[in-house]
There are 2 protein chains.
Amino acid sequence: MDERDALGQIAKTLPQAGDDAAVISLDSVSLVITTDMLHETTDFPDGTTRYTAGWRAVGASLSDIAAMGGQATAAVAVYGAPAFDPDEIDSFIAGAIDVCDAANAQYVGGDLDTTSELTIATTALGTVTHPSYRHGARIGDCICVTGNLGRTAAGLKAFETGDIAHANELFRFTPRVNTGAALAKHTTAMMDSSDGLARSVHQLASASEVGMSLHWDAIPTHPDVKEYVDDVSTRRELTTTVGEDFELVLTLPSSELANARETTSVPLHVIGEVTESDNGIIIDDESLPDEGYTHATK
Amino acid sequence: MDERDALGQIAKTLPQAGDDAAVISLDSVSLVITTDMLHETTDFPDGTTRYTAGWRAVGASLSDIAAMGGQATAAVAVYGAPAFDPDEIDSFIAGAIDVCDAANAQYVGGDLDTTSELTIATTALGTVTHPSYRHGARIGDCICVTGNLGRTAAGLKAFETGDIAHANELFRFTPRVNTGAALAKHTTAMMDSSDGLARSVHQLASASEVGMSLHWDAIPTHPDVKEYVDDVSTRRELTTTVGEDFELVLTLPSSELANARETTSVPLHVIGEVTESDNGIIIDDESLPDEGYTHATK
C-alpha cells in the first residue's frame, strides 16, 4: 500500500485528517493543527544547512496552516539526528525561529531524539475564522496559484550543480500564512502545493467532486527553473510535478478575484477553471495525470 | 554532546522549551503544547503491537500535558514506517484513539512518512488554568509520586521472557491527565517520570534550586517488578532509573496533601521531602545519582 492509499484509508477513520490540517473547536476559538516529518534521504539534499532544514521543516507545517486559511500561533519540532552538535542545533533553531517570525508565529521548542539519519518532525498550531477546505470548489470558479512554481525543482538543480548557497536560499520558502488567511474569505477551496500542482488539482477536484481545466501558459514558473532547464517540456514537467513549493492552490468565483488580489501583495495567478466532473483533470485539452515527482535526494 | 546537554542548550535560547510542555497565551486561553519522537530501536521491543505503539507514543505526549497540569484537547501523530500495511495502520490509529479517549482528548490524525524503522512523532495540545512547572518546589514540601513505578521495567522483562500479551498491556499506561489537572491547584512543582524517578527529582531540584531527600521504602513499586525480579537491589535500581512509567512526580506543602488526595482516585504517595539545596539529592542518606537507564531494546 503506498502513502496515498494509506492516507485515504486514514481519512475514512478520521475525517479531520483528510485535509491539510485538522480544525478543532475550543471554547470560542477554532484551532487548526498539523504535523509533518521530513528526513535526510528524501528531503534534505547534501549541502542543506541545518538553518535551512529548520526553516524548511517548520515552514512545511506553517504552510499547512496557511492552506486552511489559518493564522499561525506556534510551532514545535523534534530534531532527530545521529549526534548532537551544538552549532548544528543552534542553526536548526535559528532557522525554525526565523521562519516562524516570517509567519507571525512563535517557535516554542520541542524535543531531541537520536535517529540514524536527520529526521525532523514538526507541528504547527493556528487559529482560523474562515477555514478553507479542499472541498467546496464550484463549477465555473477560477483556479489560482500564489507566487510561482518550480522553486524547489530549481533548488534541487542548484544542489546538483554545486550552487549550494543559492540552493539553500531557494529551499527557504516563505510560508503563505498571511496570504492564506487573507484569501480564505474569498476562496471556495484551498490547499498547498506540497505534493506538486498536478496532485493538488486532483485532490481539490476529488474532494469537491468537480473537474478542472488548466492552461500551461498561465502557470507561473520560478525564474530559476529557466536558468537550470533549457528544455521546455522538462521545465513544464518539473513545474507541475515536483511540488514542495508550498504555494497555495485555490478556487474562487471570478467575481471575487479582484477583491482577493487586493488583500495580498503576493501575485495571484489564474491558471484554469473548475468544470463538470465528467471533464476530468485536463491541461490544454490533454489529460493531466495524478502524478508527483518522487524526489529521493540520495 | 549528549541529549541532556543539548536540551540544556536549547532551554537557554527557548525558555518555554525547558519544561514538559510549552505554555502559549491565546486570547483568554492558555494553551499547552508538547512533542515527542519514539522509534523502534529504543522504544518498541520486538513484540510491541502497532496498537500498543499508537497508544504509548500518543500517551507519552499526553503525559507531558498532564505534567503541566493541563487538560488534554487533541493529539496528532506522524507514523513513519518502512512500508504501510493497512492493518498495522488501523491498529496504530485505534491505539492512538483509545489513549486519547482515556485522557478525554480527541485524536485528529496526522501524517505518514517512509522511514527505515518504525518512527512515531506525536504532538499533544491542551489547555491549562494553573500551570505547574518544574520550578517552584519549596523547602519543607512533600515529594509525591502518583500510582507506582516500575511498570515499564516490568514490561521490558515481560517482552524479554516472551510474555508478549502481558508486556503489551504493561506498555499501555494511562496518562495521568485528569489527575495532573486536578492536582495542579495544590502542587508547587510537577513533571512526569518519563526519564525515571532519579532524573525527575534531579530536574525538579535543579529547576527549583532546592535539595531533595527520598526514602526507598516509601517508593511504590509496580507489583509485576516483584514477579520478574527477585533481587531487591536490582528491583530498586529498576524502579528508580528505568523511567517511562509516565507517572507524575510532584511537590506540595504537607498542609495540601489531604486536599490533593481528595481530588483523584489515583494513589498519591509521599516519597520524601524538599530540603535545602546544600543537602543535594539523597535517598536514605546516600547520594542518588542523576542517572537514567538507557533502554535500547535492540
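Residues numbered from 1 in each chain as written. Chains lettered and ligands numbered in written order. Predicted model: local features only at pLDDT ≥ 70, side-chain atom pairs only at ≥ 80, totals over all residues. Heavy atoms only, no water.

Let's talk about the overall build of chain A
Then, in step 1: If you tally the helices and strands in chain A, you get eleven helices and twelve strands.
Then, in step 2: Compactness check: chain A gives a C-alpha radius of gyration of 18 Å against a globular reference of 19 Å for 298 residues, within 12% of the reference.
Then, in step 3: Counting every atom, chain A has about 11100 Å² of accessible surface; 44% of that belongs to carbon and sulfur.
Then, in step 4: Distance between charge centres in chain A, computed from 17 positive and 46 negative side chains, equals 3 Å. (Helix = DSSP H or I, 4+ residues; strand = E, 2+ residues; numbered from the N terminus. Rg over C-alpha atoms; globule rule 2.2 N^0.38 Å. Areas by Shrake-Rupley, 256 points an atom, 1.4 Å probe, with all protein chains shown as cover. Lys, Arg positive; Asp, Glu negative; His and termini not counted. Charge placed at Lys NZ, Arg CZ, Asp CG, Glu CD.)

Side note on a negative patch on the surface
Then, in step 1: Side chains of A:Asp2, A:Glu3, A:Asp5 and A:Asp195 sit close together on the surface and give a patch of like negative charge.
Then, in step 2: Along the chain, A:Glu3 falls in helix α1 (residues 3–13). (Patch = residues over 30% accessible without salt bridge, like charges linked within 9 Å, V, L, I, M, F, W, Y side chains within 5 Å. Salt bridge = Lys/Arg side-chain N within 4 Å of Asp/Glu carboxyl O.)

Re the environment of A:Leu252
Residues and elements named next belong to chain A.
Then, in step 1: Secondary-structure assignment places Leu252 in strand β9 (residues 248–252).
Then, in step 2: The exposure class of Leu252 is buried, given its relative accessible area of 0%.
Then, in step 3: With 34 residues separating them in the primary sequence, Leu252 and Ala218 have C-alpha atoms 16 Å apart.
Then, in step 4: Ignoring any residue separated from it by four or fewer positions in sequence, one finds Leu252 in contact with Asp141, Cys142, Cys144, His186, Thr187, Thr188, Leu257 and Ala260. (Buried < 20%, exposed > 50% of the residue type's maximum accessible area, 1.4 Å probe, protein only. Contact = heavy atoms within 4.5 Å.)

Looking at the state of the cysteines
By definition, a disulfide is the covalent link that joins the sulfur atoms of two cysteine residues.
Then, in step 1: Scanning the entire structure with this criterion turns up zero disulfides over all chains.
Then, in step 2: Free cysteine B:Cys144: the closest other cysteine sulfur is in B:Cys142, separated by 5.3 Å. (Disulfide = S-S within 2.5 Å.)

Things to note about the relation of the copies chain A and chain B
Then, in step 1: The two copies are related by a screw operation: chain A maps onto chain B through 180° of rotation and 0.0 Å of translation along the axis, at an RMSD of 0.0 Å. One copy is carried onto the other by what is essentially a two-fold rotation axis. If distances are taken from each C-alpha of chain A to the rotation axis, the shortest is found for A:Ala121, at 3.1 Å.
Then, in step 2: Same-surface contact between copies: 100% of interface residues of chain A are shared with the interface of chain B. (Least-squares fit on C-alpha atoms with pLDDT ≥ 70 in both.)

Regarding the sheet that holds strand β5 (residues 119–127) of chain B
Residue and element names in this part refer to chain B.
Then, in step 1: With mixed pairing, the five strands of this open sheet are ordered in space as β1-β2-β5-β3-β4. Of all the strands in the sheet, the pair left with one neighbour each is β1 (22–26) and β4 (106–114). For this sheet, the mean angle separating the axes of adjacent strands, direction not counted, is 20°.
Then, in step 2: Where helix α4 (residues 86–102) meets the sheet, it contacts β3 (71–81), β4 and β5, and its direction lies at approximately 145° from that of β4. (Pairing = 2+ DSSP bridges. Axes fitted to C-alpha atoms, helices over the stretch in contact; angles between N-to-C directions.)

Notes on unusual backbone geometry
Residues and elements named next belong to chain A.
Then, in step 1: Backbone geometry places Glu244, a non-glycine residue, at a positive phi of 55°.
Then, in step 2: Take Glu244: it is sitting in the loop between α10 (232–241) and β9.
Then, in step 3: The phi dihedral of Asp285 is positive, around 70°, even though this residue is not glycine.

So, the UniProt feature "domain: PurM-like N-terminal" (unreviewed entry) in chain A
Then, in step 1: Those residues carrying the UniProt feature "domain: PurM-like N-terminal" (unreviewed entry) are residues 18–128 of chain A in this numbering.
Then, in step 2: The span residues 18–128 of chain A is 35% helical and 41% strand by assignment, and the distance between its end C-alpha atoms comes to 17 Å. (UniProt positions renumbered as here; feature names shortened; annotations may be inferred.)

Side note on the packing of aromatic side chains
All names here are of chain A.
Then, in step 1: Summed over the entire model, instances satisfying the criterion amount to nine aromatic pairs over all chains.
Then, in step 2: Ring geometry for Tyr79 against Phe84: centres 6.5 Å apart, planes inclined by 40°, an arrangement best described as tilted. The two residues Tyr79 and Phe84 agree in class, both being buried.
Then, in step 3: By way of ring pairs, the aromatic residues Tyr79, Phe84 and Phe92 are connected into one cluster.
Then, in step 4: Sitting over the face of the ring of Phe171, Arg56 holds its NZ or CZ atom 3.8 Å from the ring centroid. (Phe/Tyr/Trp six-rings, centres within 6.5 Å; stacked < 30°, edge-to-face > 60°. Lys NZ or Arg CZ within 6 Å of the ring centre and 35° of its normal.)

Remarks on the sheet that holds strand β5 (residues 119–127) of chain A
Residues and elements named next belong to chain A.
Then, in step 1: As summarised here, the arrangement of the five strands in space is β1-β2-β5-β3-β4, forming an open sheet in which the pairing is mixed. Among the strands making up the open sheet, the edge pair consists of β1 (22–26) and β4 (106–114). Across this sheet, the average inter-strand angle for adjacent strands is 20°, counted without regard to direction.
Then, in step 2: Across five bridges, β1 lies against strand β2 (residues 29–39) in antiparallel orientation. Opposite Leu26, over in β2, you have Val29 as the bridge partner.
Then, in step 3: Running at roughly 40° to β5, helix α3 (residues 50–67) makes contact with β2, β3 (71–81), β4 and β5 of the sheet.

Regarding helix α6 (residues 164–171) of chain B
Residues and elements named next belong to chain B.
Then, in step 1: Considered for burial, the residues of α6 that qualify are Ala167, Asn168, Leu170 and Phe171. Buried residues of α6, viewed axially, fall in a sector of 160°; they line one side.
Then, in step 2: Where α6 is buried, its residues contact α2 (40–43), α3 (50–67), α5 (151–160) and α9 (223–228). (Arc of directions from axis to C-beta.)

Some thoughts on the UniProt feature "binding site: ATP" (unreviewed entry) in chain A
Then, in step 1: The sites that carry the UniProt feature "binding site: ATP" (unreviewed entry) are, in the present numbering, A:Gly110, A:Asp111, A:Arg134 and A:Ser194. These annotated residues cover 85 residues of sequence, and their C-alpha atoms sit far apart, with the largest distance between any two at 31.6 Å.
Then, in step 2: Tracing the chain through its elements places A:Gly110 in strand β4.
Then, in step 3: A relative accessible area of 33% means that A:Gly110 is categorised as partly exposed.
Then, in step 4: Not counting the four nearest positions on each side in its chain, A:Gly110 is found in contact with A:Ala77, B:Ala17 and B:Thr35.

Regarding the pairing of strand β7 (residues 189–192) of chain B
Residues and elements named next belong to chain B.
Then, in step 1: Here β7 shows two buried faces, one formed by Ala189 and Met191 and the other by Met190 and Asp192.
Then, in step 2: Looking at chain direction, β7 and strand β9 (residues 248–252) are connected through four bridges and run antiparallel. Pairing of Met191 across the sheet is with Val249, part of β9.

What to know about the pattern of salt bridges
Then, in step 1: For the coordinates displayed, the defined rule picks out 14 salt bridges over all chains.
Then, in step 2: For A:Glu88, the salt bridge goes to A:Arg50, with nearest N and O atoms at 3.4 Å. Here A:Glu88, found in helix α4 (residues 86–102), pairs with A:Arg50, found in helix α3; they are 38 residues apart in sequence, far enough to count as distant.
Then, in step 3: Since its relative accessible area comes to 28%, A:Glu88 is described here as partly exposed.
Then, in step 4: Of the residues examined, A:Arg50 reaches a relative accessible area of 18% and is grouped as buried.
Then, in step 5: A salt bridge links B:Asp20 to B:Arg134, with the nearest nitrogen and oxygen atoms 3.1 Å apart. Note that B:Asp20 is positioned in the loop between α1 (3–13) and β1 and B:Arg134 in the loop between β5 and β6 (142–146), a separation of 114 residues in sequence. Across this residue pair, the class does not change: B:Asp20 and B:Arg134 are buried.
Then, in step 6: A single network of salt bridges, built from pairs that share partners, joins A:Asp19, A:Asp20 and A:Arg134.

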